[in-house]
Amino acid sequence: YAEKNNIPLIYHVNPGKKFIFDEFVTILENHPNLKIDCAHFCLSSINTMTFELLMDKYPNLYTDFSFGDFAEDGLKRISDNPEKYKALFRKYPDRIMFGTDMVVTSNKRKTPDWIYNLTKCYMDMLSKEKYACRVMPDFSGNFNGLSLDKETLDKVYYYNVYEKCNYSFPDQSRPDKGLLLWHC
């Protein structure tokens, strides 16, 4: 149904587990026109070879770079090797989307400031060479960012979501501002 009606899906997949990887590949093989967001670099931000293997083989596979409850670990991982992750954005500029994966609950630590600061950390990671991140009470620190060019940032922030969700731009133009926190 989703493939036939161009409805994209999000999958949280841990391809490090063979039976899960095999099941996911079966879905991709059986539904080549289904657009799937395999969240969090397909949970392969440590071993990006698996991520790249999937992205290279399945053109309707997308991802976001959020890290959920492991935001500090993910930001540190990128900070420790920004060129490696910048290369991924260069290789798949049309298939990586902005995401935060913050499960907003009644948890008292998840205040509006917490939400703002975590979102800002992700945006700074993409756009700056160096940035300070303060997501209290969870973590704070100084990090190396990716300093992506404007064209790539535009794609990550909203254009890739429009493409994935099969939206069209009026008069073939791109939106000129704002993030599209996607849902199709």
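The coordinates are above.
We now turn to the structure provided with this report.

Rules behind the numbers
Residues numbered from 1 in each chain as written. Predicted model: local features only at pLDDT ≥ 70, side-chain atom pairs only at ≥ 80, totals over all residues. Heavy atoms only, no water. Helix = DSSP H or I, 4+ residues; strand = E, 2+ residues; numbered from the N terminus. Buried < 20%, exposed > 50% of the residue type's maximum accessible area, 1.4 Å probe, protein only. Contact = heavy atoms within 4.5 Å. Expected span 1.5 Å × (residues − 1). Bend = angle between axes of the 7 residues up to and from the residue. Polar contact = N/O pair within 3.5 Å; in protein donor to acceptor, adjacent residues only side chain to side chain.

A look at the overall build of the protein chain
Scanning the protein chain from terminus to terminus reveals seven helices and six strands. Mapped in sequence order, the helices and strands of the protein chain form the string β-α-β-α-α-β-α-α-β-α-β-β-α. Expressed as a percentage of the 184 residues in the protein chain, the buried residues total 45%. In the protein chain, once contacts between residues fewer than 6 apart in sequence are set aside, the share between residues at least 24 apart is 62%.

Points about the side chain of H40
Assignment of secondary structure puts H40 in helix α2 (residues 39–43). Apart from residues no more than four positions distant in its own chain, H40 is found in contact with H12, T63, D64, S66, F67 and D101.

Thoughts on helix α7 (residues 150–164)
Across its 15 residues, α7 extends 20 Å between first and last C-alpha, which sits within 8% of the 21 Å expected from 1.5 Å per residue. In α7, a bend of some 55 degrees at V156 exceeds every other bend along the element. Every buried residue of α7 is listed here: T152, L153, D154, K155, V156, Y157, Y158, N160, V161 and K164. Looking at the buried side of α7, the elements it contacts are β1 (9–11), β2 (36–38), β3 (61–64), α5 (82–91), β4 (96–97) and α6 (112–127). Put simply, D149 is the residue that caps the front of α7, since its side-chain oxygen is 3.1 Å from the backbone nitrogen of E151.

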